[in-house]
Amino acid sequence: MLEHIHTMSVSFADRYNRFRIEFLDEFSAYNMGIRTVRTEGDECLRKVCKPVKSVSLRTRILIEDMFDTMYESGGVGLAAPQIGVLKRIVVMDTDDNQH
């Protein structure tokens, strides 16, 4: 279901906003928002992460939190282990616009 979002020729911000509207807005009460970013030396950053076999509601909320955390910290990319989650998930903003 998410594949169609990634193949569209629209800006990253448009894809992200569509993702939020389609999947997350009705579950906003569960949104945890900004997460703490782990820094160099944290053991979590050296552990092997588990693959994501399916995209559940919990995974979608995690992805939204990762985007929120990434934008709040001024970054352009964030991997799940950087917020203490040992899953193979990464988010990034390749759009030229400043957020």
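Refer to the preceding data block for the structure.
The notes below deal with the structure included here. (Residues numbered from 1 in each chain as written. Predicted model: local features only at pLDDT ≥ 70, side-chain atom pairs only at ≥ 80, totals over all residues. Heavy atoms only, no water.)

1. Brief notes about the overall build of the chain
Line of reasoning, step 1. In terms of regular secondary structure, the chain is built from three helices and two strands.
Line of reasoning, step 2. Its helices and strands taken in sequence order, the chain reads α-α-α-β-β from the N to the C terminus.
Line of reasoning, step 3. Here the chain holds 99 residues, and 32% of them are scored as buried.
Line of reasoning, step 4. Taking the intrachain contacts of the chain between residues at least 6 apart in sequence as the baseline, contacts between residues at least 24 apart amount to 63%.
Line of reasoning, step 5. Of the roughly 6,900 Å² of accessible surface on the chain, 51% is carried by carbon and sulfur atoms. (Helix = DSSP H or I, 4+ residues; strand = E, 2+ residues; numbered from the N terminus. Buried < 20%, exposed > 50% of the residue type's maximum accessible area, 1.4 Å probe, protein only. Contact = heavy atoms within 4.5 Å. Areas by Shrake-Rupley, 256 points an atom, 1.4 Å probe, with all protein chains shown as cover.)

2. Considerations on the packing of aromatic side chains
Line of reasoning, step 1. Applying the stated rule across the entire model yields one aromatic pair.
Line of reasoning, step 2. Here F67 and Y71 contribute two aromatic rings whose centre-to-centre distance is 6.3 Å and whose plane-to-plane angle is 25 degrees, an arrangement assigned as stacked. Here the residue F67 and the residue Y71 both occupy positions in helix α3 (residues 57-72), the gap between them amounting to four residues, near one helical turn.
Line of reasoning, step 3. Residue classification places F67 among the buried residues on the basis of a relative accessible area of 8%.
Line of reasoning, step 4. On the basis of relative accessible area, Y71 is assigned to the partly exposed category, the value being 23%. (Phe/Tyr/Trp six-rings, centres within 6.5 Å; stacked < 30°, edge-to-face > 60°.)

3. Here's the deal with the pattern of salt bridges
Line of reasoning, step 1. Under the criterion given, the structure shown has two salt bridges.
Line of reasoning, step 2. Between D65 and R35 there is a salt bridge, with its nearest N and O atoms 2.9 Å apart. You can see D65 sitting in helix α3 and its partner R35 sitting in the loop between α2 (12-24) and α3, a full 30 residues away along the chain. (Salt bridge = Lys/Arg side-chain N within 4 Å of Asp/Glu carboxyl O.)

4. A look at the environment of L78
Line of reasoning, step 1. Note that L78 resides in strand β1 (residues 77-79).
Line of reasoning, step 2. Sequence spacing of L78 and V90 is 12 residues, and the spatial spacing of their C-alpha atoms is 5.7 Å.
Line of reasoning, step 3. Excluding residues that lie within four positions of it along the chain, L78 makes contacts with M66, T69, M70, I83, I89, V90 and V91.

5. Focus on α3
Line of reasoning, step 1. The first and last C-alpha atoms of α3 sit 22 Å apart over 16 residues, in line with the 22 Å expected at 1.5 Å per residue.
Line of reasoning, step 2. Most of α3 is tucked away, with 12 of its 16 residues classed as buried.
Line of reasoning, step 3. Those residues of α3 that fall on the buried side of the exposure criterion are T59, R60, I61, L62, I63, E64, D65, M66, F67, D68, T69 and M70.
Line of reasoning, step 4. Phi turns positive one or two residues past the end of α3, at G74, with a value near 80 degrees. (Expected span 1.5 Å × (residues − 1).)

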